[in-house]
Amino acid sequence: LSFDGVDDYVRVNTSTSLLFGTGPLSVVAWYTKQQTPWIGAIFNPAVDNGINLWLDWGGTYGRLNFIARNNPTCGFEVSYYLQSNESHWDGKFHFIAGVRETNGNLKLWWDGVLKASSNPGSSCNVDILNYPFQIGNGNFGLARYLGFIDELRVYNRALSDQEIKALYDSTK
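Being a predicted model, the structure only gives us computed values, none of them experimental.

(A) Layout of the pairing of strand E9 (residues 106-110). Of all the five residues making up E9, five are buried; the element is thus mostly covered by neighbouring parts of the structure. Two elements, E9 and strand E10 (residues 113-118), share five bridges in a ladder whose sense is antiparallel. Residue pairing in the sheet places Leu108 in a bridge with Ala116 of E10. Two successive antiparallel strands, E9 and E10, enclose a turn made up of two residues, where Asp111 displays a positive phi of approximately 50°.

What follows is the structure, given as structure tokens:
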């Protein structure tokens, strides 16, 4: 899918298959990102809650984020700041994956390597009723994506480390 950063996005109506509660889940995708605008939502509900997989301008070289929240009562996220030898904006496709395990642990993968994890000790109910999920668009129309998103997959289970590595290796 190609997104122009202005008005292109995909909207997926709420479905019981996208209601994860406090259970495990995984979101994976391949993407290319143009530098401006820096912020870009890959997978996001149309409200400031739920499961979010997005990129932003954090730090010098950009930041990856995987968020599981139900504001204002509960929210957890894991982020990774890219280093000088890592770039979103090199014109290549990159693999990103966010995983929430049964125990609430969050993991963030980039190009087949685990970059960050968090153990919050609990898990939020991330069910967002009456709001569609969006690909290439952030909550309330913010964070429009500029670039390409390919092979976006959403799982109702936590992919294992081996499965993430296998997905990366088989599709790179």
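Next comes the rest of the account.
(B) Quick peek at empty space enclosed by the protein. In this structure the tally under the stated criterion is one cavity of 30 Å³ or more. Of the voids in this model, the largest cavity is the one considered here, and its volume is about 30 Å³. Residue lining of the largest cavity: Val28, Trp30, Phe95, Glu151, Arg153, Leu167 and Thr171, and that is the complete set. Among the elements of the structure, strand E3 (25-33), strand E12 (146-155) and helix H1 (161-171) are those that each provide at least two residues to the lining of the largest cavity. Grouping the amino acids of the lining of the largest cavity by side-chain chemistry returns four nonpolar, one polar and two charged.

(C) Main features of the nonpolar core. In terms of nonpolar packing, the biggest core is built from 26 residues, with Tyr31, Ile42, Leu64, Ile96 and Leu108 touching the most fellow members. Elements supplying a minimum of two residues to this core: E3, strand E4 (40-45), strand E5 (50-56), strand E6 (63-70), strand E7 (74-81), E9 and strand E11 (133-135). Ignoring anything within four residues of it in the chain, the contact list for Ile96 reads Val27, Val28, Ala29, Tyr31, Ile42, Leu53, Leu55, Leu64, Leu108 and Trp109. Ranked by size, the runner-up nonpolar core spans 11 residues in total, among them Ala97, Val99, Leu167 and Tyr168.

(D) Examining the sheet that holds strand E8 (residues 94-100) more closely. Taken in spatial order, the six strands make up an open sheet running E1-E12-E3-E8-E9-E10, and their pairing is antiparallel. At either end of the open sheet lies a strand with only one pairing partner, and these are strand E1 (2-4) and E10. The average undirected angle you get between the axes of adjacent strands in this sheet is 25°.

(E) Structural context of the pattern of salt bridges. Enumeration over the complete set of coordinates arrives at five salt bridges. Lys115 is the partner of Glu86 in a salt bridge, and the nearest nitrogen-oxygen pair spans 2.6 Å. Linking Glu86 in the loop between E7 and E8 with Lys115 in strand E10, this pair joins segments that are 29 residues apart in sequence. When its relative accessible area of 25% is taken as the criterion, Lys115 is described as partly exposed. Among the ionic contacts, a cluster of salt bridges with common partners joins Glu101, Lys107 and Asp161.

Each value, and the rule that gives it
Residues numbered from 1 in each chain as written. Predicted model: local features only at pLDDT ≥ 70, side-chain atom pairs only at ≥ 80, totals over all residues. Heavy atoms only, no water. Buried < 20%, exposed > 50% of the residue type's maximum accessible area, 1.4 Å probe, protein only. Helix = DSSP H or I, 4+ residues; strand = E, 2+ residues; numbered from the N terminus. Pairing = 2+ DSSP bridges. 1 Å grid on protein atoms, 1.4 Å probe; cavity = no way out; pocket = protein on both sides within 12 Å on 5 of 7 lines; lining within 4 Å. Points joined across faces, edges and corners; volume = space filled by probe spheres on them. Nonpolar A, V, L, I, M, F, W, Y, C, P; charged D, E, K, R; others polar. Core = buried A, V, L, I, M, F, W, Y, C linked by side-chain atoms within 4.5 Å. Contact = heavy atoms within 4.5 Å. Axes fitted to C-alpha atoms, helices over the stretch in contact; angles between N-to-C directions. Salt bridge = Lys/Arg side-chain N within 4 Å of Asp/Glu carboxyl O.

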